[in-house]
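# What the coordinates show
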Amino acid sequence: MSKAAGCRGFLHHVFDYETAKTLVIPHFGVGIVFRFTQLLVVLYVVGYVCVVQKGYQETDSVISTVTTKVKGFAYTNTSDMDPRMWDVADYVIPPQGDSSFFILTNLVVTPEQTQSHCPELPNPSTVCKDDCDCIEGYNDPRRNGIRTGLCENFSTTVKTCEVFSWCPLEVDTRLPKKALLAAAENFTVLIKNSITYPKFNFHGRNILPHVNSSYLAHCEFNRLTDPDCPIFRLKRIISEAEADFQEMAVKGGILGILIDWSCDLDWWAGKCLPKYSFRRLDSQNQDNDVAPGYNFRFAKFYKRADGVEERTLIKAYGIRFEVIVFGTVSDSESGCNWVMLTCMRKRDLYTKEKVTYLVESPDSEPVSMGTTYGTQ
């Protein structure tokens, strides 16, 4: 075969146009199966994708900020400490938190500690008979200090290794069986939450437009009678989480305040409102109750008249509240735009008015072709 013939064959192969041929089969059974299959596809697209999954909509995730303000006071008068009035500066620790706040409900106080020498608390690893049982300089992170090498009387019947530490040592087994700040159940918290969905330029706030200062002065959240109030009584929060405040207050715990901002902007945006729910987050497994609750230590330091540093050690038990904001928003604007620009009878006019073409001339200012305002 010549080169010319081979070249013509290649060109025919490249530039030949092929089109599908339709064969119509007049068969009732095959036609029923074909139309039924088409119907299933239409039902899936319209019924499931569009109606159930709302596949025509765009979605966005929430961006949120939260601040809280607790109010309330309690009075205590026990044998372990002098009569005392507790206000927000005493029981909210720290004063500011990142979408969370802690309410002190119970505590073990060890006053007048100084850095000195004292016998360790009795324990299989600290009990001794003589100095030979106590290695000088030994430091166990799970104990209370550095050993001096001496075996001292802890009581009339028990001797333990002496340590250099903050003395007297804390005895945290003296936790009150009833929460010291039991009145904390009547404390209230104001939650201020602002959110935005940047894709749709939508902004929201849990303090709704109709809420004013006089309303906030007396309102309290109630799911049935006052669901818009952003002020919550702690006892109600914990009750809705199916927990008991007084039981939880003894050893502490963690509770979630969940704010759901999921919305459908196909409807009126004014109906995009926060929905509150409450849930206890710390473990409640009865088969594994090791280290239950929530606690931590902090100290208040003083300087005595003789120049010696002194502190009051506090092991604080309480409830940590975590404010968790979540949500997604959906809008069908993109689907409506597609229908308007492709299916409507006046789609060319809509395209002209919606889309602006920018033409730049090298010797002049950019020129805009078309307009962006609506028709008359």
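Residues numbered from 1 in each chain as written. Predicted model: local features only at pLDDT ≥ 70, side-chain atom pairs only at ≥ 80, totals over all residues. Heavy atoms only, no water.

### A word on unusual backbone geometry
Note the cut-off: The helix count covers DSSP runs of H or I at least four residues long, the strand count covers runs of E at least two residues long, and both are numbered beginning at the N terminus. Remark: exposure states derive from per-residue accessible area (1.4 Å probe, protein chains only) relative to the maximum for the residue type, with buried under 20%, exposed over 50%, and partly exposed in between.
Put simply, Ile93 and Pro94 share a cis peptide bond, and its omega is -10°. Of note, Pro94 is situated in the loop between α3 (88–91) and β5 (100–119). Cys167 connects to Pro168 through a cis peptide bond whose omega is 0°. For Pro168, the location among the structural elements is in the loop between β7 (159–167) and β8 (188–197). At Glu112, a residue that is not glycine, the phi angle is positive and equals roughly 55°. Positionally, Glu112 belongs in strand β5. Despite not being glycine, Glu242 has its phi angle at roughly 60°, a positive value. Within the secondary structure, Glu242 is located in the loop between α5 (234–240) and α6 (245–251). Assessed through its relative accessible area of 77%, Glu242 is described here as exposed.

### With respect to the UniProt feature "binding site: ATP" (unreviewed entry) in the chain
Cut-off, in case you're wondering: UniProt positions are given in the numbering used here, feature names are shortened, and annotations may be inferred rather than shown by experiment. Contacts are assigned to residue pairs that have any heavy atoms within 4.5 Å of one another.
As recorded in UniProt, the feature "binding site: ATP" (unreviewed entry) lies at Lys69, Val70, Lys71, Thr188, Asn295, Phe296, Arg297 and Lys315. Looking at where Val70 falls in the secondary structure, it is placed in strand β2 (residues 63–71). When its relative accessible area of 8% is taken as the criterion, Val70 is described as buried. In this view, Val70 contacts Val88, Tyr91, Val92, Phe101, Ile103, Phe187, Thr188 and Val189; residues no more than four positions away in its chain are not counted. Summarising the element assignment, Lys71 is placed in strand β2. Owing to a relative accessible area of 56%, Lys71 belongs among the exposed residues under this scheme. For Lys71, the contacting residues outside a window of four places in its chain are Tyr91, Phe187 and Thr188.

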